[in-house]
Amino acid sequence: PSVLSLMHPRLSAGFEALALHADTRAGKTAARRYLLGLAPAVNAANDMFMCKAYYRQLSAPSKEEIQSVGAEVPCLLIAGEDDALVPPESTAELHALLSSGAPSEMHSVRATSHQLMQEDPEAVNALLGAFLQSVYARPKPKKTAKARASAVPDKSFASQTRFSSLPSEE
């Protein structure tokens, strides 16, 4: 067994302490008791070598990269009001960076933490539904000449590329 495997129970307990709202950890409702019972099984299913691989390749985008996404793509941020893993201040900072062009929204779900999708799925689904409806109701932006030009395929690339290594369709 690896060191991470030996640490798995302690890491899982630490994650649960930070990721689950106090009401969930206290089992205040039947749904929250169910979620509390489910958490150890979910954590046990996460092999520690996968966590190590995930963190090894993890890199944060630059502020400029985040702003460029916010300028082009409508963004929705939904945070747990009591998230101890990603504090509300961090979500607000990200929202400020994403608010550079395309519409963006930030919402906090009451009485939830990092696992808000599990702790209050109805609230999360309502926010997602309303956001998607608002995005699809917005008029589509007209493409600029530059955007139209970039949408035209580069025929020279296609003529220079050989796809002989692709399997034949038989």
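All of these numbers come straight from a predicted model, not from anything done at the bench.

Engineer: An account of the nonpolar core is requested, with residue identities and associated values reported.
Structural biologist: Formed by I66, C75, L77, L97 and L98, the largest nonpolar core amounts to 5 residues. Elements with a contribution of two residues or more to this core: β1 (75-80) and α6 (88-98). Apart from the residues lying within four places of it in its own chain, the contact partners of L97 are K63, I66 and Q67.

Engineer: Just give me the short version of the environment of G27, but keep the residues and values in it.
Structural biologist: As for its position among the elements, G27 is in the loop between α2 (22-25) and α3 (30-45). Residue G27 is classed as buried on the basis of its relative accessible area, which comes to 10%. As for G27 and G37, which are separated by 10 residues in sequence, their C-alpha atoms are 9.3 Å apart.

Engineer: Just give me the short version of unusual backbone geometry, but keep the residues and values in it.
Structural biologist: Residues other than glycine predominantly adopt negative phi, and peptide bonds predominantly adopt the trans conformation. Residue A111 is not a glycine yet carries a positive backbone phi of 60°. As for its placement among the helices and strands, A111 is situated in the loop between β2 (104-109) and α7 (116-119). Accessibility expressed as a relative area gives 12% for A111, which makes it buried.

The rules we used
Starting afresh in each chain, residues are numbered from 1 along the sequence in its written order. It should be noted that, the model being predicted, local features are given only for residues of pLDDT at least 70 and side-chain atom pairs only at 80 or more, the latter also being counted only at that level, while totals for whole chains, interfaces and linings use all residues. Water and hydrogen atoms were dropped before computing side-chain values, which therefore reflect all heavy atoms in the structure. The nonpolar core is taken to be a set of buried Ala, Val, Leu, Ile, Met, Phe, Trp, Tyr and Cys residues, with the residues joined through side-chain atoms within 4.5 Å. Each residue's exposure class comes from its accessible area (1.4 Å probe, protein chains only) as a fraction of the maximum for that residue type: buried when under 20%, exposed when over 50%, partly exposed otherwise. Here a helix means four or more residues in a row that DSSP labels H or I, a strand means two or more in a row labelled E, and each is numbered from the N terminus. In what follows, a contact means two residues having at least one pair of non-hydrogen atoms within 4.5 Å.

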